[in-house]
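Take a look at the letters that make up each chain.
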Amino acid sequence: MSNYEDAALNGAADVLSRIHERAVRVAQLEAEQAADVALFAAAGGSARSVVAELALELSVTERRAGADVALAQALTTRLPETFAAFRRGEIDAFKARMVFEPTIALSDEMAGQVDAIVATRLAGKNPSSLRAAVNRVVQKVDAEGYERRSRARRRDRNVCLIHQDETMSTLLCDLPVEHASAIYISLDQEARRLRRGGESRTLEQLRADVLVDRLLNRSPGDSGIKPVVYVYVDLLTLAGLNEDPAELSGCGTVPAWLARALAADSNSVWRRIITEPDTGQVLSVGRTRYRPPAALADLVQARDRVCRHPGCRRPSQYSDIDHTHDFAQGGHTAEDNLAPYCRRHHRLKDESGWFLTTAPGGDGTITTPTGRVYATKPPPLHESRVTGAAGGAGREAAA
């Protein structure tokens, strides 16, 4: 590397460090703002008056002002550990909201339990990963309430149409997770089949067009492709011996009752990934499925569940199974050199300065152009139940 290139790289690293430091200061200012919003809410009169006045003062909508008030009040009363991390600049307002929103329906006592547990899991998580982590804890702390709310949400399924600009509209569907995921993957697989047949349309266009054709009965016939959706479930949960939530690939946790119902359905197109109860790692990959892939790709997809780029939630079964050490440069097609990356993050490997590694078991690293190194690890479905395991979680503590 030339002296100029070395200086440019060091300069980029310094800039990235300043960006990080400034983000911490901005988060601390947001926390100060939240504290004052809570003080104003306590002294400013009725809830309606507080929201209306705050909206005027900040020139924002009342909906935005109301959301800010609700967040500030929760942080300063029910979520003290999250607020402490916010004050330190470890999380920003958006991440604080990822903790707050799933706890809205909880009692003060339950919200406090979630807050205490989540406080140990904030570091290094982006908002989507943090939201998923909070939801897992909420399911554990308030299992009955979560099931009740889940069933109520499923009763509220709906479809709505929102007209946009430039002759486009958005069709929004609020559907049970197993139906929405199966629909999307069915569309994706049909789109990929058409692409292999020489279609010039992009996958995004094809997914949209296949949806339109099917809903408007334009399709002359189904291709025979069946959608395959991965459900990761603890063996003890599948047997009905505990109520730990399962995980739906790319979505997050689902209640144990739904996982068992899907597993027991003789017509199900769901792929059951059974995990070892003590460690949470993959124990078995089911073989009954339409057009099974190569065993190696099967293992890698089951092991990783989602794209290995930190924070990405793209399910592994429609990510690229990529060689971390490039095949053209001598990389082997083996479990310790393969990982799923969505198309966007797959392309990062070809950018200057990005380096990936994968080791036996799937552990790996991602190195960025400024020299930052991020560890990647296949996530277990649940915490270890072996007494004395990493993190100190014993069988009873993790149950």
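Residues numbered from 1 in each chain as written. Predicted model: local features only at pLDDT ≥ 70, side-chain atom pairs only at ≥ 80, totals over all residues. Heavy atoms only, no water.

Another aspect to go through is the nonpolar core. Across soluble globular proteins, you tend to see nonpolar side chains buried next to one another. Ranked by internal contacts, the top residues of the largest apolar core, which has 36 residues, are Phe86, Val114 and Val118. Setting aside chain neighbours within four positions, we find Val118 in contact with Val99, Leu130, Val134 and Val137. (Core = buried A, V, L, I, M, F, W, Y, C linked by side-chain atoms within 4.5 Å. Buried < 20%, exposed > 50% of the residue type's maximum accessible area, 1.4 Å probe, protein only. Contact = heavy atoms within 4.5 Å.)

Take the state of the cysteines next. Following the criterion strictly, the structure yields zero disulfides and no others. You can see Cys160 has no disulfide; the closest cysteine sulfur is in Cys173, sitting 7.9 Å from it. A relative accessible area of 30% means that Cys160 is categorised as partly exposed. Looking at Cys312, it has no disulfide partner, and the nearest cysteine sulfur is the one in Cys307, 3.8 Å off. (Disulfide = S-S within 2.5 Å.)

Let's shift gears to the pattern of salt bridges. Counting across every chain of the model gives 20 salt bridges. One salt bridge connects Asp142 with Arg149, and the closest N-O pair in it is separated by 2.9 Å. The shortest N-O distance in the salt bridge between Glu243 and Arg260 comes to 3.0 Å. Here Glu243 is found in the loop between α11 (235–238) and β4 (246–248), whereas its partner Arg260 is found in helix α12 (residues 256–264), with 17 residues between them in sequence. (Salt bridge = Lys/Arg side-chain N within 4 Å of Asp/Glu carboxyl O. Helix = DSSP H or I, 4+ residues; strand = E, 2+ residues; numbered from the N terminus.)

Without other data, these values stay purely geometric and don't point to any function.
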